Structures are given as structure tokens and as C-alpha cells.
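# Summary of structural features
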Amino acid sequence: MSGLLRLLGIGVVLLLAQAVARLVLPTLAQPDLVLVYALALGLRGGGVQGLLLAFGAGFVEDVLSASPPGLFALLCGTACAATRLLDRALYLRAAAPWAAYVGVYTLANFALFGVTQRMFAPDSVLEWSELLIRAPGAALTTALCAAPLLHVFRRLLVEADRDGSWPVLATQGARSRP
Amino acid sequence: MSELLRRFRFALCYFALASLCALGMASRKAPAEIGFAPRLVLNLSLPLERMVTLPLSELRGAWGDYMALVGVREENERLRGRLARAEEENHQYREAILSSERFQKLAGFRAQREIPMVPANVIHQDLSPWFQSLIIDQGAAAGIRPGMPVITDSGVVGLVSGTTPGASKVLLVVDPQSRVDAYVERTRARGTVRGTSGHDCDFEYVLRHENIEEGDLLLTSGLGTVYPKGLVVGRVASVDRKTSGLFLGAKITPAVDFTRLEEVFVILEQRQIPAEESFSAADEGLWPAAATAPKGQVADAPKAHAADVPKAPVRGLPKRAPAAPKPAAVAPKPGEPPAAPQ
């Protein structure tokens, strides 16, 4: 149980860190730490618990921003599901592939963000040009932040796995992995 | 069956939650009371936010104070010069206001009355870089309702988009969801100020032949349903006449520096202008109390015309400003003597 609580704790810390980054860093260089959290929750074949945590983190971001309710929750949930699908294929346990994956996914997340807004909240869409300007800087800083965070996530996920709080609802695929 | 459910549990769970999110986005309503779950999250997270952001802003303040001492003598000289110019300008404005008041009495306009306002502290900035909002420490308990305008002494900040008893969420004018009907003080050219999610805004739907220049001051027209007339929105940063079409493009620098915003005022009155009377009511500077307000300010551009905007906006915020009669002419430019009443 303590492993799961620690995962929750790091989610809160990352949310606060993102709030600080928003105050300190220029707009074009702000990392999306909540997205890193959601992506990491899909590692090790993250089960339903990881998905719920990812949606929860997105929901908190929705509440603390002016976004249409559910937008970030959907994006974070999708990020978690995508990592779960791609984890094994891309070998995301090492820092370099993980950072590259996070960077590329952040770019993809901008595209998903634009598409989702146009589908579900067309009255508050951001121009594609605006997203294109912001995407490279955000992808770079998010990838840079993701690499050192991987070690923390791996340790917490292993702990949660070991104390039994993580795989309770995890899929069979996650259990069979080395 | 149970084996099948277990096997596809992750996918089922994902689609269920994703559908909930999509439903939430699609069923978004106008500004309203924040629901139970978001309120719970907000109440739990705000103390943590304060713990982190308060020391940070204190640190920034201390650093800013220290840096302010560097070159203070030169700045002092410069500020003295500016103060002298501002005093002269202030004198001219005072004269203009006195003239305007005399004229208003003659025309039989109603006396000005106080606008009830609530001061509030900014306790949280928007977490996402894609939207522009903030949270203030006054809410429904202080009489704040969704749709109420938020201002500072510099100008328009935004409008209240949601409330809890102890806090309110404010949608800033630079948010892409925000629309403010405004006009250029110098030429009365009308248009709509739209946020871009950056630090500036677009001034849209301004006819190509209108005379707009860099540095022109933009004021709220009062023709929408949220902001009273004559509040400062910002200044024209650049004008683009290259694009084809009926309208020109202009970038606006907001009057308020949202990155350093600490205290704001919430105007506790909301305007509601019936659709069939919207033009005449706004034209006469009426401001009926109470009502609801939609998200952003809806411009009533097709009904109005630049020439019909009352021509003596009063920028003093605490007083309600009825429109001056049409012959009251133009407010004086800085450096020029005030227009004499006719």
C-alpha cells in the first residue's frame, strides 16, 4: 500500500512543481510534468490503477485551470494507455529511449490537444499556429525533466509491485513481465 | 464472460473514463457554481498551492526589492519628471471631468452612484500553459457570482467563471475563450478583443478604413453583457493592414500585467441587457443591476456603430459613469487643454 501512496505523493509533488514552473519559467519552455506522470503510470504494463491515477491527475489539472472539464483527464488517460501499449516494444526502461519517447509524445499530445478541443470544445480552440510555436520548447523541456524522473518512477513502481499495492488490479501481461 | 471482462478490463475502463471526459467537455455550461468533486479537489489543493507559491512570491518580492535599489537615483529623476507631467495631465483631466459633470447636470442625467466592489488576493495562477485563469481568495460568501467582471486600477482583468464559498476562478481577458467588446479612445473605432493564450490579445472585426495606430488606448464599450463602459483594456501594439478582406488585424498589449497580479477587485453588479433593447440601453449608459452573464463578453457588433458609442468615457473605476450627451465631444488628449462645454 505504501508504494501506491508514494505514487500518489509524487503526483501531488509534480502538480506543485508544475505550478512553480508556470510562475518561474517562460511560456515557451514550460514542461508538462503531469503528462510525464501520466506516461510513467503506463510503465511496467500499468494496470487499471495506473489508468485511474492518470485520469485523476488530469482531472486535478482540469480543476486548477480554465480548461473544458475533462480535457486534461482524457489526455492524461490516453497518455497512460499509449505507454502501456508501447512500453514493451520501445524498451522504455532506459533513460534515453524514455526521454525521447516523452519528447515525441509531448508533440503528439499537442496535436491530440488541438483535435480534442476542436471535437468537444470548439468554442475555446487554440490556433494550430499557436500550438506549433509552443510544442518544440515544451517537448524539449518535458523530455529533459522526464529522464531524471524515470529513476524515481521505476523505484516507486517496483516498490508498489513488491508490497502488492500495484498489481492487485494489474493485467496479466504486467505480472508475466520480468 | 468474467474472463473476457478481466482480459479487456483496461480497455473497458479507459473507454468508460474517456467517455465521461468527453461528456464533461461536451456538456460544458456557462459560468456556474463549481461542482462538488472539483470543489473538493480545489479546497484540498489550494492550501498546498499556497504553501509553495507564497514563499516563492515572497522570495521574488525580496529579490525585486534588492534589485530596485540598483540605479535608484536615475530612476528617481526620471520619475520626478513623469510625476510633473502626470500632475499636469491630471489637472487637465480634472477640468474635463468638471466640465462633463456640469454638462451632465444640464442634460438631466442621473447622479453617479458607487459601484460595489470586493477586493481579493490572487492565490493561484492557471496550472496549464494553454489557458489563462487565476483563482482569488473571495467567493460566493462575499457575494461573488459567476459572470461578474474583475478589474484592477490598471484596467480589465477578466470575469468570474466559477465560484466556491471561499474562492473564485477568474477567466483572464488574454484567455482564448475571452471576448471583450471595445473601442479605440482616439477614433472610436469598434471591435472585439480576443485572447490568444499568450501575453497579448487580438483586436478583431475592425473595419479596414478605421484609423488605428500603435499606442492607441482601448476601452470597453459597455455594449456586451459583462463589463461596464470606459474600462481600460490595453494599447494597440501593432496594426496589420496587409491581409485582404473587410477587417484589419491588430495586436493589443493588455493594460494589466497578469504575471505580477496580486490584488484585484470584483465588481458586484452584473449587467443584463434584453436582446431587443441591448443597443439603446448600452447607448444610454444604463447599467441594470443583477442578472446572469454568458462566458466571455458577447459583442453586439451588428447592432451598434462606432459613432454611436458615447463619447466621454469616464475611466475612474469606483464611480458609475453615465454617458455624456452626444455633443460632449471627445475626451482631451494628453498634453492638450480639455474641450470646453458647448
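As the structure is a computational prediction, the values presented were derived from the model and not from experiment. (Residues numbered from 1 in each chain as written. Chains lettered and ligands numbered in written order. Predicted model: local features only at pLDDT ≥ 70, side-chain atom pairs only at ≥ 80, totals over all residues.)

Before going further, it helps to spend a moment on the overall build of chain A. What chain A contains, in helices and strands, is seven helices and zero strands. Burial status across chain A gives 50% buried among its 178 residues. Looking at chain A alone, contacts between residues at least 24 apart form 70% of all its contacts between residues at least 6 apart. (Helix = DSSP H or I, 4+ residues; strand = E, 2+ residues; numbered from the N terminus. Buried ≥ 20, exposed ≤ 12 C-beta atoms within 10 Å, placed from the backbone. Contact = placed C-beta atoms within 7 Å.)

Along its length, chain B carries five helices and 13 strands. Every one of the 342 residues in chain B was classed for burial, and the buried ones make up 39%. In chain B, of all internal contacts separated by at least 6 residues, the share reaching a separation of at least 24 is 62%.

Here we come to the interface of chain A and chain B. Taken together, the 37 residues of chain A in the interface contact 41 residues of chain B. Sorting the residues of the side of chain A that touches chain B by element identifies helix 1 (2–24), helix 3 (48–63), helix 4 (71–90) and helix 6 (128–162) of chain A as the ones contributing at least two each. For the side of chain A that touches chain B, the element with the highest residue contribution is helix 1 of chain A, accounting for seven residues.

With that settled, the discussion passes to the packing of helix 2 (residues 33–40) of chain A against helix 3 of chain A. Residue and element names in this part refer to chain A. Here helix 2 crosses helix 3 at 165°, and the two axes come no closer than 9 Å. The orientation of helix 2 with respect to helix 3, classified from their angle, is roughly antiparallel. At the point where helix 2 passes helix 3, the crossing takes the left-handed sense. Counting all contacts with helix 2, which are made through Val-34, Tyr-37 and Ala-38, the residues of helix 3 involved are Ala-54, Ala-57, Gly-58 and Glu-61. (Axes fitted to C-alpha atoms, helices over the stretch in contact; angles between N-to-C directions. Parallel < 35°, antiparallel > 145°, perpendicular 65-115°, else oblique. Left-handed = near helix turned anticlockwise from the far one by under 90°.)

Residue and element names in this part refer to chain A. The N-to-C vectors of helix 2 and helix 5 (residues 95–120) enclose an angle of 115°; their axes lie 11 Å apart at closest approach. As far as their axial angle goes, helix 5 and helix 2 are roughly perpendicular. Where helix 2 crosses over helix 5, the two elements pack in a sense that is right-handed. On helix 5, the residues touching Leu-35, Val-36 and Leu-39 of helix 2 are Val-102, Tyr-105, Thr-106 and Asn-109. Partitioning the contact of helix 2 with helix 5 into residue classes produces five nonpolar, two polar and no charged. (Nonpolar A, V, L, I, M, F, W, Y, C, P; charged D, E, K, R; others polar.)

Our focus in this paragraph is the sheet that holds strand 11 (residues 232–240) of chain B. Reading around the circumference, 7-8-9-12-11-10 (chain B) is the order of the six strands in this closed barrel, with antiparallel pairing throughout. On average, adjacent strands in this sheet sit at an angle of 40° to one another, irrespective of strand direction. (Pairing = 2+ DSSP bridges.)

On to the pairing of strand 11 of chain B, then. Residues and elements named next belong to chain B. Across three bridges, strand 10 (residues 217–220) lies against strand 11 in antiparallel orientation. Residue pairing for strand 11: Leu-217 is matched across the bridge by Arg-235. Both strand 11 and strand 12 (residues 247–254) contribute to a ladder of six bridges, which runs antiparallel. Within strand 12, the position partnered with Val-236 by the bridge is Ile-252.

All names here are of chain B. Counting buried positions over the five residues of strand 13 (residues 263–267) gives four, a clear majority of the element. Inspection of the sheet shows strand 2 (residues 117–125) paired to strand 13 by five bridges, in the antiparallel sense. From the neighbouring strand, Ala-120 faces strand 13, where its bridge partner is Val-264. Summarising the sheet, strand 4 (residues 149–151) and strand 13 pair through two bridges and their orientation is antiparallel. Directly across from Val-150, in strand 13, lies its bridge partner Val-266.

As a further point, take the nonpolar core. Among the nonpolar cores identified, the biggest contains 109 residues, and Val-36, Ala-38, Ala-54 and Cys-76 of chain A together with Leu-218 and Val-233 of chain B are the most heavily contacted of them. In terms of residue count, the dominant contributor to this core is helix 6 of chain A (10 residues). If near-sequence neighbours (up to four positions away) are discounted, Val-36 of chain A is found in contact with Val-102, Thr-142, Cys-145, Ala-146 and Leu-149 of chain A. (Core = buried A, V, L, I, M, F, W, Y, C linked by C-beta atoms within 7 Å.)

The next point concerns helix 3 of chain A. Residue and element names in this part refer to chain A. Under the 1.5 Å per step criterion, the end-to-end length of helix 3 is 22 Å for 16 residues, consistent within 8% with the ideal 22 Å. Most of helix 3 is tucked away, with 12 of its 16 residues classed as buried. All of the buried residues along helix 3 are Gly-50, Leu-51, Leu-53, Ala-54, Phe-55, Ala-57, Gly-58, Phe-59, Val-60, Glu-61, Asp-62 and Val-63. (Expected span 1.5 Å × (residues − 1).)

Glancing now at unusual backbone geometry. Residue and element names in this part refer to chain B. For Arg-188, which is not a glycine, the phi torsion comes out positive at approximately 65°. Among the residues examined, Arg-188 registers 20 C-beta atoms within 10 Å and is labelled buried. Although it is not a glycine, Tyr-205 sits at a positive phi angle of roughly 60°. Looking at the element boundaries, Tyr-205 is found in strand 9 (residues 201–207). For Tyr-205, a count of 16 C-beta atoms within 10 Å corresponds to the partly exposed category.

Let us look at the confidence of the model for chain A. Residue and element names in this part refer to chain A. Here chain A averages 80 in pLDDT, while 86% of its residues score no lower than 70. Taken element by element, chain A is modelled with least confidence in helix 7 (residues 172–176), mean pLDDT 42, and with most confidence in helix 2, mean pLDDT 91. Low pLDDT, under 50, characterises residues 168–178; the predicted model gives this stretch 17 contacts beyond four residues in sequence or across chains. (pLDDT = per-residue confidence, 0-100.)

Within helix 2 of chain A, eight of the eight residues are buried, leaving the element largely enclosed by the surrounding structure. Of all the residues in helix 2 of chain A, the buried ones are Leu-33, Val-34, Leu-35, Val-36, Tyr-37, Ala-38, Leu-39 and Ala-40 of chain A.

Let us now look at the environment of Gly-103 of chain A. All names here are of chain A. Within the secondary structure, Gly-103 is located in helix 5. Residues Gly-103 and Ala-146, spaced 43 residues apart in sequence, show a C-alpha to C-alpha distance of 8.6 Å. Setting aside anything within four residues of it in sequence, one finds Gly-103 in contact with Ala-139, Leu-140, Thr-142 and Ala-143.

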